[in-house]
Amino acid sequence: MSATPELLPYKRIREDLFRPLSGISRGYLLTTSIAFIVGAAGLAAWGYQLRRGMGVTGLQRPVFWGFYIVDFVFWIGISHAGTLISAILRLTDAAWRKPVTRAAEAITVFALMIGGMFPIIHLGRAWLFYWLVPYPNSRLLWPNFRSPLLWDLTAILTYMTGSVIYLYLPLIPDLAQLAEHNTTWRRRFYRAFSLGWTGSDREWHALERAMKLMACIILAVAVSVHTVVAWDFSMALAPMWHSTIFGPYFVAGAIFSGIAALIVVMATLRKVLHLEMYLTRHHFDRLAKLLLLMSLLWLYFTMAENLTVWYGNEPKEMAVFGARTRAHYARFFWTMVVLNFAIPFVLLGIRRLRTIATATIASACILAGMWLERFVIVVPTLANPRMPSAVSLYTPTWVEVAITSATFAAMVMLYLVFAKLVPIIAVWEFKPHPQEED
Amino acid sequence: MEHRWGMAIDLDRCTGCEACVVACHAENNLPVSSPEQSEKGRTAHWIRVDRYYEGEFPDIKVKYMPVLCQQCDNAPCEPVCPVYATYHNPEGLNVQVYNRCVGTFYCANNCPYSVRFFNWFEPKWPDPLPLQHNPDVAIRPAGVMEKCTFCIQRIQRAKQDAAQEGVPLADGDVQPACVQSCAAEAMVFGDLNDPKSRVSRLAASGRATRLLEELGTKPKVFYLQKAT
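Residues numbered from 1 in each chain as written. Chains lettered and ligands numbered in written order. Predicted model: local features only at pLDDT ≥ 70, side-chain atom pairs only at ≥ 80, totals over all residues. Heavy atoms only, no water.

1. Side note on the packing of aromatic side chains
Residue and element names in this part refer to chain A. Stated formally: Only Phe, Tyr and Trp rings are paired, with Trp represented by its six-membered ring, and only when their centres lie within 6.5 Å; those with planes under 30 degrees apart are stacked, over 60 edge-to-face, the remainder tilted. Working definition: helices are DSSP H or I runs of at least four residues, strands are E runs of at least two. Numbering for both runs from the N terminus. The rule is simple: take the accessible area with a 1.4 Å probe, protein chains only, and divide by the maximum for that residue type; under 20% is buried, over 50% is exposed, in between is partly exposed.
This model, assessed by the stated rule, comprises 44 aromatic pairs over all chains. Note on Phe332 and Phe375: the rings are 5.2 Å apart at their centroids and 70° apart in plane angle, and the pair reads as edge-to-face. Here Phe332, found in helix α14 (residues 330–349), pairs with Phe375, found in helix α15 (residues 356–383); they are 43 residues apart in sequence, far enough to count as distant. Look at Phe332 and you get partly exposed, because its relative accessible area is 25%.

Below, the structure is given as structure tokens:
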């Protein structure tokens, strides 16, 4: 398995990567239909929630944030897959990144589209969500810039805009190629979106500069976005939320779950689209090492967070700490430690065990573990407020479960559609001399 | 002179009868929740009576503490609201503007006293309770947050009455429903800017403490108890 795609003739690469765009297999139809049904069920559940009121969720006083906020943080975390990884690799000129970047950038955009829905889904009056947009209303009253929720909205909108541009820029040369190779509506579609790309020297230089610039910008934006998401919690006066470590902890956790998502998506694409020649063991091995590093970093942050609380022994913080590690939520906490550290450490740390299959298993564990991590951060704090009379438990209802499952279906569906419209690996990057006409 | 409304609650007098809770429900059009919803922690009591137990049965003492919105001067609920639904009015009250609220829940999460309540469904009352709704208080729709207002409608009414008669507002002219209904006369309401008001004198007495004062929220509800 030492073949690198760079050694293949460019014509062959193009054929291989354009092939999945045409024809619809039975498996494709089946997966899309299942994803559609699950997604539609989630939409129906949301409709029910809008009609009846937030009472159909398991939320209650004092646990006002539950599954929806967990999902929100989870998906925003997944969105760090792409942009951050591909931007770092692009800026450091890592040659092996070529087959990885577009798959990663697409995850970012889709995860943001999904994650960005949750602040709206969780609103008591979701139909008024636009009141949060930083824009003055008819009485010239701006929203409150002191609220972390507004920082959040601003950061996510910025990130969304940036990552769409960042996904789109390297698509342009491929879209132009596709316009050449297609007829019917596809030709018009690709032509329109290739923005009249002709492949001149000037255009290549402009594109190169734009991609470098966007990579720099997107890095800063990505770090800031997850820091701001963390601040939604740490700016609050609640025990174990009001913590300085949350910003970097959330950024590290986001990159961690992002890489895991990327490995799962890559392994799936490799199998389904027969990209064994392009997504090789070599790529998985490098990403697995990165994942192992992030797993250790995650453990370090988790220890730093919990050890200081335990040692400080402040009663209100200890109530939350106890709920997390010993009482009702302990099973989630310890499952999280096993999924995020124990399993990946064994599977990825021992060289003999580190294969594509084990890397995928470890990544799937990490995705589940990171979802639990957000749950363990959000819920026990709210369930153990400062007033002892308000202490309570939170159990989600079918509405929250349905909407959560629908988001995973939405991810699958968006990815399936995307993979039918554009090659999931940037074809032009394999051109020996992209500036020359072939 | 601007008013600055505050309250003193004498814990040594409180019998835990919960007349204040009932009065508040009637005055402020609080919805009635079903036993199932109540079990889920979905009841809205703008004032509640917390119980603290000392000792073991049978040698046990119960202490009662009515808890309502503490109308903090430095309220954690205010800065976090993205739409200014919760803000500080010139008389120092934390005001909740229902029409602005979109229901982000952030204010409730950031309230250390857990005194904010959400309308999980459209509010409901069994017959004939809708006939006794207070016309001075809005009925809140599903999806908005609400909480104790210090009976702001009574404050406005008292100010209007005083203005009509051309006399200044006297101490004791404003009585929120809970204060009015307290049989043990454990609750006193008044203007903290008036050093001669009953509430000011009680707040300055050595018996006054404030709930979770160490958080720096500067509450305007003073709890009076024997200093130990």
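Anyway, onward from the coordinates.
2. Side note on the packing of helix α3 (residues 67–78) of chain A against helix α10 (residues 201–234) of chain A
All names here are of chain A. Put simply, the rule reads: Helix axes use the C-alpha atoms of the stretch in contact, all axes being lines fitted to C-alpha atoms, and the angles between their N-to-C directions lie in the range 0 to 180 degrees. If an angle is under 35 degrees, it is roughly parallel; if it is over 145, roughly antiparallel; if it lies from 65 to 115, roughly perpendicular; otherwise it is oblique. Working rule for handedness: look at the near helix, and if it is turned counterclockwise from the far one by less than a right angle, call the crossing left-handed; if clockwise, right-handed. Contact between two residues is taken to exist if any of their heavy atoms lie within 4.5 Å; hydrogens are not considered. All amino acids are sorted into three groups, where Ala, Val, Leu, Ile, Met, Phe, Trp, Tyr, Cys and Pro are nonpolar, Asp, Glu, Lys and Arg are charged, and the leftover types, Gly among them, are polar.
Running from N to C, α3 and α10 point in directions that differ by 160°, and their axes come no closer than 10 Å. Classed by the angle they form, the pair α3 and α10 counts as roughly antiparallel. Crossing geometry of α3 relative to α10 is assigned as left-handed. Note on element contacts: α10 touches α3 through Val225, His226, Val229, Asp232 and Phe233, opposite Ile69, Phe72, Val73, Ile76 and Gly77. Its residues assigned to classes, the contact of α3 with α10 comprises seven nonpolar, two polar and one charged.

3. Regarding the side chain of Gln49 of chain A
All names here are of chain A. Test applied: Pairing of N or O atoms within 3.5 Å defines a polar contact, subject to two protein rules: one partner must be a possible hydrogen donor and the other a possible acceptor, and residues neighboring in sequence count only if both atoms are side-chain atoms.
By secondary structure assignment, the location of Gln49 is in helix α2 (residues 26–52). Residue classification places Gln49 among the buried positions, given a relative accessible area of 3%. At 2.4 Å, the side chain of Gln49 forms a polar contact with the side chain of Tyr68. Beyond its immediate sequence surroundings of up to four residues, Gln49 is in contact with Met54, Val56, Thr57, Tyr68, Ile121, Val399 and Ile403.

4. Here we look at the pairing of strand β10 (residues 221–224) of chain B
All names here are of chain B. Keep this limit in mind: Here the rule is simple: two strands pair whenever DSSP picks up at least two bridges between them.
A two-sided burial pattern is seen for β10, the buried positions comprising Val221 and Tyr223 on one face and Phe222 and Leu224 on the other. With two bridges connecting them, strand β9 (residues 208–209) and β10 associate as antiparallel partners. Each residue of the ladder has a partner; that of Ala208, found in β10, is Leu224.

5. Overview of the environment of Thr209 of chain B
Residue and element names in this part refer to chain B. Inspection of the secondary structure puts Thr209 in strand β9. Owing to a relative accessible area of 35%, Thr209 belongs among the partly exposed residues under this scheme. With ten residues separating them along the chain, Thr209 and Pro219 place their C-alpha atoms 9.9 Å apart. Leave out the neighbours within four places in its chain, and Thr209 touches Val221, Phe222, Tyr223 and Gln225.

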